[in-house]
Amino acid sequence: MKHRRLLLLAAATVLLLAGCSPAASGPAEKNLDDPAKKDIAMQLVSSAENSSLDWKAQYGYIEDIGDGRGWTAGIIGFCSGTGDLLRVVERYTAKRPDNALARFVPALRAVKGTDSHEGLGDAFTAAWREAATDPALRSAQDAERDAAYFDPAVERAEADGLSALGQFIYYDAYVMHGYADARGTVGFRSIRAHALAEADPPAEGGDEEAYLNAFLDARVEALREEPSHSDTSRVETAQRVFVREGKLQLETPLAWRVYGESYRIEG
């Protein structure tokens with residue numbers, strides 16, 4: 001009986017010590033689709049796409065930035081040349097058939113794959129800016145962002161065993177490069193393939209920081225192949241900094257530079 005009491009006392013001591021351990025009280029990791037993390041991701045993208053952290057002010061943005069993709073518009077830079085701007089307007093038109101952008105759908109279809117503004121002049125840009133005050137167009141932009149970029153990037157990153165930072169790095173590559181290679185560009189799929197040739201992702205037993213650096217190396221090479229995107233600060237003085245600092249959960253504060261401008265997100 002005495003021996004049994006000693007065993008019970010030892011077991012209780014082990015449980016007490018385990019309950020007081022730091023591991024038991026540490027914060028749970030969150031994915032990029034956590035609302036707070038997603039907002040950070042949107043601010044980071046907006047710093048590069050719009051030189052502003054106020055991403056919600058970018059729904060009405062539209063400009064030809066001279067990258068061969070025609071008009072660049074909205075919260076992540078949907079382009080007339082790549083077809084995602086067309087998809088946004090089609091989503092919007094499905095909700096608001098009589099909207100001011102609906103008449104431009106044939107022109108958007110015609111210029112897909114080019115940098116042409118044919119049929120998409122001042123009347124189109126004015127209609128875009130006006131429509132951006134409509135919650136339905138904002139919702140269409142959000143839906144296209146998630147369906148074409150955010151959700152696929154996060155899903156792929158989760159399968160590779162990546163943290164919130166890794167998920168963001170994938171998402172930003174999706175936004176800027178697209179999934180597949182296009183004429184004169186290297187897409188996310190090829191960037192990831194090059195990274196996998198150099199390092200194993202965490203899902204395959206690799207070190208996450210080593211893998212993310214390999215991915216960023218591949219992305220820098222992709223950027224250097226595009227004359228319109230030759231500035232690599234989006235990687236080197238932003239995402240690479242977060243990897244070096246070990247901010248795998250995108251812990252704030254975050255400080256970075258992109259295209260010559262400095263930004264900071266406080267806690």
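Basis of the calculations
- Throughout this description, residue numbers start from 1 for each chain and increase along the sequence as written.
- This being a predicted model, a pLDDT of at least 70 is required before a residue's local features are given, and a value of 80 or more before pairs of side-chain atoms are given or counted; all residues contribute to the totals for chains, interfaces and linings.
- Computation of side-chain values covers all heavy atoms of the structure but excludes hydrogens and water.
- A run of H or I in DSSP counts as a helix once it spans at least four residues, and a run of E counts as a strand once it spans at least two, with each numbered from the N terminus.
- Relative accessibility under 20% of the residue-type maximum defines a buried residue, over 50% an exposed one, and the middle range a partly exposed one, all with a 1.4 Å probe and only protein chains included.
- Patch construction takes residues with relative accessible area above 30% that form no salt bridge. Like charges are linked within 9 Å, and nonpolar side chains (Val, Leu, Ile, Met, Phe, Trp, Tyr) are linked within 5 Å.
- Here the accessible surface of atoms and residues is derived via Shrake-Rupley with a 1.4 Å probe, and residues count as covered only by protein chains that are part of the display.
- For this document, the term salt bridge refers to a Lys or Arg side-chain nitrogen within 4 Å of an Asp or Glu carboxyl oxygen.
- Counting rule applied: Lys, Arg positive; Asp, Glu negative; His and chain ends not counted.
- Where a charge sits is defined by one atom per residue type, namely NZ (Lys), CZ (Arg), CG (Asp) or CD (Glu).
- Within this scheme, the nonpolar core is defined by two criteria: the residues are buried Ala, Val, Leu, Ile, Met, Phe, Trp, Tyr or Cys, and they are joined through side-chain atoms within 4.5 Å.
- In this description, contact between two residues means that some pair of their heavy atoms is separated by no more than 4.5 Å.
- As used here, the arc is the angular range of directions from the helix axis to the C-beta atoms.
- With a 1 Å grid laid over protein atoms only, a set of points is called a cavity when a 1.4 Å probe fits there but cannot get out and a pocket when it is open yet has protein on both sides within 12 Å along at least five of seven lines; lining residues have an atom within 4 Å of a point.
- Grid points are joined across faces, edges and corners, and a volume is the space filled by probe spheres set on the points.
- In the scheme used here, Gly and all other residues not listed as nonpolar or charged are polar, with Ala, Val, Leu, Ile, Met, Phe, Trp, Tyr, Cys and Pro taken as nonpolar and Asp, Glu, Lys and Arg as charged.
- Note on aromatic pairs: the rings of Phe, Tyr and Trp (six-membered ring only in Trp) are paired at centre separations within 6.5 Å, and the planes decide the class, stacked below 30 degrees, edge-to-face beyond 60, tilted for the rest.
- Strand pairing follows a simple DSSP-based rule, namely that at least 2 bridges must link the two strands.

(A) View of unusual backbone geometry. Backbone torsion omega between Thr252 and Pro253 reads 5°, so that peptide bond is classified as cis. Looking at where Pro253 falls in the secondary structure, it is placed in the loop between helix H11 (233-244) and strand E4 (254-258). We note that Leu250 has phi near 55°; this positive angle belongs to a residue other than glycine. Mapped onto the secondary structure, Leu250 falls in the loop between H11 and E4. Its relative accessible area of 1% is what places Leu250 among the buried residues.

(B) Spatial organisation of a negative patch on the surface. The grouping of Asp33, Asp151, Glu155 and Glu158 at the surface amounts to a negative patch. Considering the arrangement of structural elements, one finds Glu155 in helix H7 (residues 135-159).

(C) Inspection of the nonpolar core at higher detail. With 74 residues, the main nonpolar core has Leu101, Tyr171 and Phe215 as its most contacted residues. Residues in contact with Tyr171, not counting those within four places in the same chain, are Leu32, Ala41, Met42, Val45, Ile76, Arg145, Tyr149, Phe150 and Ala153.

(D) Spotlight on the environment of Ala193. In this structure, Ala193 sits in helix H9 (residues 188-196). Overall, Ala193 belongs to the partly exposed group, its relative accessible area being 42%. Measuring from C-alpha to C-alpha, the distance between Ala193 and Phe215 comes to 8.8 Å, with 22 residues separating the pair along the chain.

(E) Structural context of helix H6 (residues 122-131). Of all the residues in H6, the buried ones are Phe124, Thr125, Ala127, Trp128 and Ala131. The arc enclosing the buried residues of H6, seen along the axis, measures out at 160°, which places them on a common side. Opposite its buried face, H6 presents the exposed residues Asp122 and Glu130, each directed more than 90 degrees away. Among the structural elements, strand E1 (62-63), strand E2 (72-73), helix H4 (84-95), helix H5 (105-111) and H7 are those in contact with the buried residues of H6.

(F) View of empty space enclosed by the protein. Inspection of the entire model under this criterion finds one cavity of 30 Å³ or more. Of the pockets and cavities examined, the largest cavity occupies roughly 70 Å³. Contributing to the lining of the largest cavity are Leu44, Ser47, Ala48, Phe168, Asp172, Arg234, Ala238, Gln239, Phe242, Trp256 and Val258. In terms of residue count, H11 provides more of the lining of the largest cavity than any other element does, four residues in total. A per-class count over the lining of the largest cavity returns seven nonpolar, two polar and two charged.

(G) The packing of aromatic side chains, seen in detail. Under the definition given, this model contains 11 aromatic pairs. Between Trp55 and Tyr59, the ring centres sit 6.4 Å apart and the planes meet at 50°, which makes this aromatic pair tilted. Accessibility expressed as a relative area gives 6% for Tyr59, which makes it buried. The structure contains a cluster of three or more aromatic residues connected by ring pairs, namely Tyr170, Tyr174, Tyr179, Phe188 and Phe215.

(H) Fine view of the sheet that holds E2. Strand order across the open sheet formed by three strands is E1-E2-E3, with antiparallel pairing between neighbours. With one partner strand each, in any of the chains shown, E1 and strand E3 (78-79) form the two edges of the open sheet. Across two bridges, the pairing between E1 and E2 is antiparallel. Paired with Ile62 across the strands is Ala73, a residue of E2.

(I) Just the pattern of salt bridges, in detail. Summed over the entire model, instances satisfying the criterion amount to 17 salt bridges. The salt bridge involving Arg69 is made with Asp67; its shortest N-O contact spans 3.3 Å. Residue Arg69 is classed as buried on the basis of its relative accessible area of 11%. Residue Asp67 is classed as buried on the basis of its relative accessible area, which comes to 13%. Its salt-bridge partner being Arg109, residue Glu90 comes within 3.1 Å of it at the nearest N-O pair. Of this pair, Glu90 sits in helix H4 while Arg109 sits in helix H5, and the two are 19 residues apart along the sequence. When salt bridges that share partners are traced, they join Lys38, Asp142, Arg145 and Asp146 into one network.

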